[in-house]
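Breakdown of the fold
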Amino acid sequence: MAELPTHILTDAGFTTEQADAIVNALVAGNNLHGDTNADEPINIDDLPPEKKEALDRFNLAVAADA
């Protein structure tokens, strides 16, 4: 597997820990909409527009590489 482009997330203001948590949640198939908990540390519905856009770009970059 190629290295994931987490720089897209960190460049938008996510911490490295948040970017890793997002990746882990996506890989595990966890729902990142709604309430947060240990398995779902970020509610993407509450993100500011620039972070939502970065998450969309990240998802597109990963999907294009699959």
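See the structure shown above.
The structure contained in this document is the topic of the report that follows. (Residues numbered from 1 in each chain as written. Predicted model: local features only at pLDDT ≥ 70, side-chain atom pairs only at ≥ 80, totals over all residues. Heavy atoms only, no water.)

Looking now at the overall build of the chain. Helix and strand content of the chain: 3 helices and 0 strands. Of the regular secondary structure in the chain, the N- to C-terminal order runs α-α-α. Across the chain, the fraction of contacts at a sequence separation of at least 24, relative to all contacts at a separation of at least 6, is 45%. Total accessible area computed for the chain in this model is approximately 4,300 Å², and 50% of it derives from carbon and sulfur atoms. (Helix = DSSP H or I, 4+ residues; strand = E, 2+ residues; numbered from the N terminus. Contact = heavy atoms within 4.5 Å. Areas by Shrake-Rupley, 256 points an atom, 1.4 Å probe, with all protein chains shown as cover.)

This paragraph deals with the nonpolar core. Side chains of nonpolar character tend, in soluble globular proteins, to be buried together. One finds Leu 9, Phe 14, Ile 22, Ile 42 and Ile 44 to be the most contacted residues of the largest nonpolar core, which totals 15 residues. Going through the elements one at a time, α1 (7–11), α2 (16–28) and α3 (49–65) are the ones with two or more residues in this core. If one sorts the elements of this core by residue count, α2 sits on top with 4 residues. In this structure Ile 42 touches Phe 14, Gln 18, Ile 22, Leu 32, Thr 36 and Leu 47, once residues within four positions along its chain are discounted. (Core = buried A, V, L, I, M, F, W, Y, C linked by side-chain atoms within 4.5 Å. Buried < 20%, exposed > 50% of the residue type's maximum accessible area, 1.4 Å probe, protein only.)

Now for the side chain of Lys 51. Within the element layout of this structure, Lys 51 appears in helix α3. Buried charged residue Lys 51 carries no salt bridge. Nearest counter-charge: Glu 50, at 6.8 Å. In this view, Lys 51 contacts Ala 12, Gly 13, Phe 14 and Gln 18; residues no more than four positions away in its chain are not counted. (Lys, Arg positive; Asp, Glu negative; His and termini not counted. Salt bridge = Lys/Arg side-chain N within 4 Å of Asp/Glu carboxyl O.)

The end-to-end C-alpha distance of α3 is 24 Å, a good match for the 24 Å that 17 residues give at a rise of 1.5 Å each. For α3, the elements touching its buried residues are α1 and α2. (Expected span 1.5 Å × (residues − 1).)

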